[in-house]
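Chain and residue survey
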Amino acid sequence: MSRQASPSAALPIAYAVLRILIVVNWLMGAAILALLVVMPNQQWIMAAFKLSASPDTERLIMGLRAIATLGLVVVPLNYVVLKRLLAMVAIAWALLALQLLSVVIGSIAKAVSNPAHPVHVDAGFSISGWLAVLLTFLLARVFAEGTLMREDLEGTV
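Assigned secondary structure in the protein consists of four helices and zero strands. In sequence order, the secondary structure elements of the protein are arranged as α-α-α-α. A separation threshold of at least 6 residues defines the contact pool for the protein, and within that pool the share at least 24 residues apart is 74%.

This is the structure in C-alpha cells:
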C-alpha cells in the first residue's frame, strides 16, 4: 500500500524520513557486521534459513557469508546517496532564501535610489533564479517520492 503525503508536507516529511533512513542504514550495517564477527556455526545458519543438509551446504554457507560481506559495502554507498538527498532538500531551501533576499535587496535599492544618487544593484526578481528554486524543490520532491516508493517496494518483497 502506497503512502501519500500532501504536497505541503512532503519535503519536511522527506527530510525526516531521510534522517531516519541514515540511522537505519548504519544500524543494518552494524547488524550485518555483528553477524559476520560472531560467525554463527553451520547449524545455526541452516536453522535460520530453514535449510536441510546437503552436499552443497558448505558452498551455500560461504555464499551467504559473501553476500553479508557485500552488504557491508552497500552501507557506505547508501549513506552517500541519503546524505546527498538530504542536501538536496537543504539546497532547495537555501535557494529560496537567496531569491527572497535578492528581492528584498532590490526593493531597498529601488527605495533609496533617486535621480541625484541612483543605486544600481544586480538584485531583485530573477525568473531564472525562481525557476531554479522551483526545479530544485520539484527534484527534491521527486527524490522524496522515490524514497517512499523504495520503502514500499522493500516492504512488499
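Okay, back to it.
Here we take up the confidence of the model for the protein. For the protein, per-residue confidence averages 82 on the pLDDT scale, and residues scoring 70 or more make up 90% of the total. Ranking the elements of the protein by mean pLDDT puts helix H2 (residues 42-48) last with 78 and helix H3 (residues 57-112) first with 88.

Our focus in this paragraph is the side chain of Thr-136. You can see Thr-136 is positioned in helix H4 (residues 127-156). A residue is classified by how much of its surface remains accessible, and Thr-136, at 15% relative accessible area, is buried. Only 2.7 Å separates the side chain of Thr-136 from the backbone oxygen of Ala-132, close enough to count as a polar contact. Each residue touching Thr-136, except ones within four places of it in the same chain, is listed here: Met-88, Ile-91, Ala-92 and Leu-95.

A separate point is the environment of Met-46. Summarising the element assignment, Met-46 is placed in helix H2. When its relative accessible area of 9% is taken as the criterion, Met-46 is described as buried. Distance from Met-46 to Thr-57, taken between C-alpha atoms, is 8.5 Å for residues 11 residues apart in sequence.

Moving on: the nonpolar core. Of all hydrophobic cores here, the largest spans seven residues; its members are Val-17, Leu-18, Leu-21, Ile-22, Leu-82, Leu-85 and Leu-86. Tallying contributions element by element places helix H1 (residues 7-38) first for this core, with four residues. For Leu-18, the residues in contact, after removing those within four places along its chain, are Leu-82, Leu-85, Leu-86 and Thr-147.

Turning our eyes to something else, we now look at the packing of aromatic side chains. The way to describe two aromatic rings as a pair is by their centre distance and the angle between their planes. Enumeration over the complete set of coordinates arrives at three aromatic pairs. Measuring from ring centre to ring centre gives 4.9 Å for Trp-93 and Phe-137, while their planes differ by 85°; the resulting arrangement is edge-to-face. With a gap of 44 residues between them, Trp-93 in helix H3 and Phe-137 in helix H4 connect regions that are remote in the sequence. A relative accessible area of 48% means that Trp-93 is categorised as partly exposed. The class of Phe-137 is buried, set by a relative accessible area of 16%. Centre to centre, the rings of Phe-125 and Trp-130 are 6.5 Å apart; their planes meet at 20°, and the pair counts as stacked. The exposure class assigned to Phe-125 is exposed, which follows from its relative accessible area of 62%.

Residue position: Leu-98 is located in helix H3. When the C-alpha positions of Leu-98 and Gly-129 are compared, they lie 8.8 Å apart, and in sequence the two are 31 residues distant.

So, how was this worked out
Residues numbered from 1 in each chain as written. Predicted model: local features only at pLDDT ≥ 70, side-chain atom pairs only at ≥ 80, totals over all residues. Heavy atoms only, no water. Helix = DSSP H or I, 4+ residues; strand = E, 2+ residues; numbered from the N terminus. Contact = heavy atoms within 4.5 Å. pLDDT = per-residue confidence, 0-100. Buried < 20%, exposed > 50% of the residue type's maximum accessible area, 1.4 Å probe, protein only. Polar contact = N/O pair within 3.5 Å; in protein donor to acceptor, adjacent residues only side chain to side chain. Core = buried A, V, L, I, M, F, W, Y, C linked by side-chain atoms within 4.5 Å. Phe/Tyr/Trp six-rings, centres within 6.5 Å; stacked < 30°, edge-to-face > 60°.

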